[in-house]
Amino acid sequence: MNFAGFYFIPGALSVDEQCRWIRESLMSFPQPPNRTNHNAIYGPINDLFIAVKERKVLVEDENMPASSDYASNGCVGNGDTRRWSFCEEDSVLLRGKSCKPVSASVLLRKLRWSTLGLQFDWSKRNYNVSLPHNKIPGGLCQLAKKLAAPAMPVGEEFHPEAAIVNYFASGDTLGGHLDDMEADWSKPIVSMSLGCKAIFLLGGKSREDPPLAMFLRSGDVVLMAGEARECFHGVPRIFTDKENAEITALELHFCDENDILEYIRTSRININIRQVF
Ligand SMILES: O=C(O)CCC(=O)C(=O)O
Ligand SMILES: [Fe+2]
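Residues numbered from 1 in each chain as written. Chains lettered and ligands numbered in written order. Predicted model: local features only at pLDDT ≥ 70, side-chain atom pairs only at ≥ 80, totals over all residues. Heavy atoms only, no water.

By the naming in an unreviewed UniProt entry, the chain is Fe2OG dioxygenase domain-containing protein, taken from Populus deltoides. In UniProt, the chain has this text filed under Sequence similarities (unreviewed entry): "Belongs to the alkB family." (UniProt positions renumbered as here; feature names shortened; annotations may be inferred.)

Take a look at the structure:
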């Protein structure tokens, strides 16, 4: 099989870099205008990770009028009716809400993806350039340019325009797929692995081609360019048990940050960065 354009760079990220991008993936990447899998149900959610630390719950408030005034109060909106907000769990019990509150920690556990830069529309499977968005954060942009260099056509520079952050909890998988919504396949996808070890399968151009299996550990980077852009790939398994997760260095780093520590012990984060046009 032809795997030209596939690069596996083990240990490309230092432990400090891994910790930085894990922290950003939890605290800043899910922030609006970036969208997450929770948008479809709750609208944009602000400061999810702070709400986890503060043990808050998200509740629906039918009486809350549609108003941008509420945004500054940490309330969140669904479309143009701002109905969901983080509250203290006790205050919800006192108010006797009919709607079941959802704890911020459950929402964090169920966070499956967030999108940075140009927003990917999963329902239409394309980039929706009309959705509000920020540029890819500067530090991530610089890192992606540096990492992409070996897979770039001579004399060209990688321009990161969009990124998808995948969050894997124990038991989560990513089925075999192609990333074919970008205009220019000669540019690589830069894919960073953080947290628990995973199995990555790199198949061929047909779903029937038997895949090559490899482990991806925290700090490993994969580049997919050229021929490899046309190869099916997926993540059938992550390892969350102590012996196989291989995250001891991360655990030591996060020993004073209990919420991150608890999260990463049973999770994998993948950040993949793309040039769209
Ligand atoms: O999680 C990974 O390593 C791969 C992610 C991926 O293929 C994707 O998001 O398109
Ligand atoms: Fe992919």
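Draft legend 1. Looking closely at the side chain of Thr115. Inspection of the secondary structure assignment puts Thr115 in strand E7 (residues 113–117). Judged by its relative accessible area of 1%, Thr115 falls in the buried class. At a separation of 2.7 Å, a polar atom in the side chain of Thr115 contacts the side chain of Gln119. (Helix = DSSP H or I, 4+ residues; strand = E, 2+ residues; numbered from the N terminus. Buried < 20%, exposed > 50% of the residue type's maximum accessible area, 1.4 Å probe, protein only. Polar contact = N/O pair within 3.5 Å; in protein donor to acceptor, adjacent residues only side chain to side chain.)

Draft legend 2. Quick look at the site of ligand 1. What surrounds ligand 1 is the set Asn166, Phe168, Leu174, His177, Asp179, Leu216, His233, Val235, Arg268, Asn270, Asn272 and Arg274. Here an oxygen atom of ligand 1 sits 2.9 Å away from a polar atom, N or O, in the side chain of His177. In isolation ligand 1 exposes 300 Å². Once the protein is present, 96% of that is buried. Of all the secondary-structure elements, those providing two or more residues to the shell around ligand 1 are strand E10 (162–169), strand E11 (174–177), strand E16 (233–238) and strand E17 (267–274). In terms of residue count, E17 provides more of the shell around ligand 1 than any other element does, four residues in total. Classifying every residue of the shell around ligand 1 gives four nonpolar, five polar and three charged. (Near = heavy atom within 4 Å. Areas by Shrake-Rupley, 256 points an atom, 1.4 Å probe, with all protein chains shown as cover. Nonpolar A, V, L, I, M, F, W, Y, C, P; charged D, E, K, R; others polar.)

Draft legend 3. Structural detail: the packing of helix H1 (residues 15–27) against helix H6 (residues 138–148). Two elements in contact, H1 and H6, have axes separated by 12 Å at closest approach and are oriented at 130°. With respect to H6, the element H1 is oriented oblique. Classified by chirality, the crossing of H6 by H1 is left-handed. Seen from H1, the contacting residues are Glu17, Arg20 and Trp21; seen from H6, they are Gly139, Leu140, Leu143 and Lys146. Split into classes, the residues belonging to the contact of H1 with H6 amount to three nonpolar, one polar and three charged. (Axes fitted to C-alpha atoms, helices over the stretch in contact; angles between N-to-C directions. Parallel < 35°, antiparallel > 145°, perpendicular 65-115°, else oblique. Left-handed = near helix turned anticlockwise from the far one by under 90°. Contact = heavy atoms within 4.5 Å.)

Draft legend 4. Representation of the coordination of the iron ion (ligand 2). The coordination sphere of the iron ion (ligand 2) contains the protein donors His177 (NE2), Asp179 (OD) and His233 (NE2), at a distance range of 2.1 to 2.2 Å. Read in sequence order, the donor residues for the iron ion (ligand 2) give the motif H-x1-D-x53-H. Remark: His233 occurs in strand E16 and His177 occurs in strand E11; sequence separation between them is 56 residues. Judged by its relative accessible area of 8%, His233 falls in the buried class. (Donors = N, O, S within 2.8 Å, 3.2 Å for Na, K, Ca; no water.)

Draft legend 5. Spotlight on the UniProt feature "domain: Fe2OG dioxygenase" (unreviewed entry) in the chain. Summarizing the sequence annotation, UniProt attributes the feature "domain: Fe2OG dioxygenase" (unreviewed entry) to residues 159–277 in the numbering used throughout. Here residues 159–277 is 14% helix and 39% strand, with 9 Å between the C-alpha atoms at its ends.

Draft legend 6. The arrangement of the UniProt feature "binding site: Fe cation" (unreviewed entry) in the chain in detail. Per the UniProt record, the feature "binding site: Fe cation" (unreviewed entry) sits at His177, Asp179 and His233. The named residues occupy 57 residues along the chain; their greatest pairwise C-alpha distance, 9.1 Å, places them in one compact cluster. If sequence neighbours within four positions are ignored, His177 has contacts with Cys231, Phe232 and His233. Side-chain polar atoms of His177 contact the backbone oxygen of Gly175, separated by 2.9 Å. Excluding residues that lie within four positions of it along the chain, His233 makes contacts with Gly175, Gly176, His177, Asp179, Phe200, Leu201, Leu202 and Met224.

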